[in-house]
Amino acid sequence: MTDWRDDIHKIFTENDIQQVSYVPDAGHARVIDLCREDNRMNAVPMTTEMEGIGLACGAWLGGQKAVILMQSSGVGNCINALSLPAVCQFPLLMLVAMRGEFGEGQRWQMPMGHAVRPSLEAMGVVCYDVKHAADVRPVLENAITYAFQGHNRVALLLSQQLIGAKKFTK
């Protein structure tokens, strides 16, 4: 059986995703590496997640599809910038590696982890939860259709049940 992270990359290529922006993150590390190694994709590192909104909108205006990879703690950095794709009706697809939920031991991650869904939904972003590897392909494929054909803003919330909770010891 294929690793769900390999599936994400494969689905990106099957759907002609040409730009992938990211802030380095352990939850997305495998997907980031696969995208960086793929000559069909432009993998763009960011200094802040907000940059991804402008990159994705610019990609769309240039005739390309883009995806933003971020950790849940970075969602708060995007709230104001989410006005751009909302007002201009640009499609937007974000894959959010969740923290602050199932199995979390780092209390600094919990407030934003709990605020991700309500914050994104307040900005008109439709959120889909992905908790199991078997759900990655169908949810991502449908999110791509919903975002790029319907000109919608979509976030896949990749649960810590899927990614695995980080363990911290004293």
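In the block above lies the structure referred to throughout.
Residues numbered from 1 in each chain as written. Predicted model: local features only at pLDDT ≥ 70, side-chain atom pairs only at ≥ 80, totals over all residues. Heavy atoms only, no water.

(A) Spatial organisation of the pairing of strand β5 (residues 126-130). The pairing of β5 with strand β6 (residues 153-158) spans five bridges and is classified as parallel. Paired with Tyr128 across the bridge in β6 is Leu156. Tracing the backbone out of β5, into helix α6 (residues 133-149) and back to the parallel element β6 gives a crossover that is right-handed. (Pairing = 2+ DSSP bridges. Helix = DSSP H or I, 4+ residues; strand = E, 2+ residues; numbered from the N terminus. Right-handed = clockwise from strand over helix to strand, strands pointing away.)

(B) Quick look at the sheet that holds strand β4 (residues 92-97). Judged by pairing direction, the sheet is parallel, and its six strands sit side by side in the order β2-β1-β3-β4-β6-β5 without closing on themselves. Across the chains shown, the open sheet's two edge strands, defined by having one partner strand only, are β2 (42-45) and β5. Shown here is a sheet whose adjacent strand axes are inclined to one another by a mean of 20 degrees, direction ignored. (Axes fitted to C-alpha atoms, helices over the stretch in contact; angles between N-to-C directions.)

(C) Structural context of the pattern of salt bridges. The full count for this structure, using the stated rule, is eight salt bridges. In this structure, Asp6 engages Arg30 in a salt bridge whose closest nitrogen and oxygen atoms are separated by 2.9 Å. Here Asp6, found in helix α1 (residues 4-14), pairs with Arg30, found in helix α2 (residues 29-37); they are 24 residues apart in sequence, far enough to count as distant. A residue is classified by how much of its surface remains accessible, and Asp6, at 22% relative accessible area, is partly exposed. The class for Arg30 is partly exposed, based on a relative accessible area of 39%. Between Arg137 and Glu141 there is a salt bridge, and its shortest N-O distance comes to 2.5 Å. In this pair, Arg137 and Glu141 both sit in helix α6, four residues apart, roughly one turn of the helix. Using a relative accessible area of 30% as the deciding quantity, one classes Glu141 as partly exposed. (Salt bridge = Lys/Arg side-chain N within 4 Å of Asp/Glu carboxyl O. Buried < 20%, exposed > 50% of the residue type's maximum accessible area, 1.4 Å probe, protein only.)

(D) Representation of the nonpolar core. Counting 27 residues, the largest nonpolar core has Ile8, Phe12, Leu69, Leu93, Leu95, Leu140 and Leu156 as the members making the most contacts within it. Only α1, β1 (17-22), α2, β3 (65-71), β4, α6 and β6 provide two or more residues apiece to this core. The leading source of residues in this core is α6, at six residues. Contacts of Ile8, omitting those with residues within four sequence positions, involve Val31, Leu95, Val136, Leu140 and Leu158. Listed in part, the 24 residues of the second largest apolar core include Ala56, Ile68, Met94 and Ala155. (Core = buried A, V, L, I, M, F, W, Y, C linked by side-chain atoms within 4.5 Å. Contact = heavy atoms within 4.5 Å.)

(E) Quick peek at the packing of aromatic side chains. Per the stated rule, a full pass over the model turns up two aromatic pairs. Judged by centre distance (6.4 Å) and plane angle (70 degrees), the ring pair of Tyr128 and Tyr146 falls under edge-to-face. Of this pair, Tyr128 sits in strand β5 while Tyr146 sits in helix α6; the two residues are 18 residues apart in sequence, bridging distant segments of the chain. Overall, Tyr146 belongs to the partly exposed group, its relative accessible area being 35%. Residue placement shows Lys65 over the ring face of Phe148; its charged tip is 5.6 Å from the ring centre. (Phe/Tyr/Trp six-rings, centres within 6.5 Å; stacked < 30°, edge-to-face > 60°. Lys NZ or Arg CZ within 6 Å of the ring centre and 35° of its normal.)

(F) Looking closely at the side chain of His28. In this structure, His28 sits in the loop between β1 and α2. A polar side-chain atom of His28 sits 3.1 Å from the main-chain carbonyl oxygen of Met70. Residues in contact with His28, not counting those within four places in the same chain, are Leu69, Met70, Leu95, Val96, Ala97 and Leu158. (Polar contact = N/O pair within 3.5 Å; in protein donor to acceptor, adjacent residues only side chain to side chain.)

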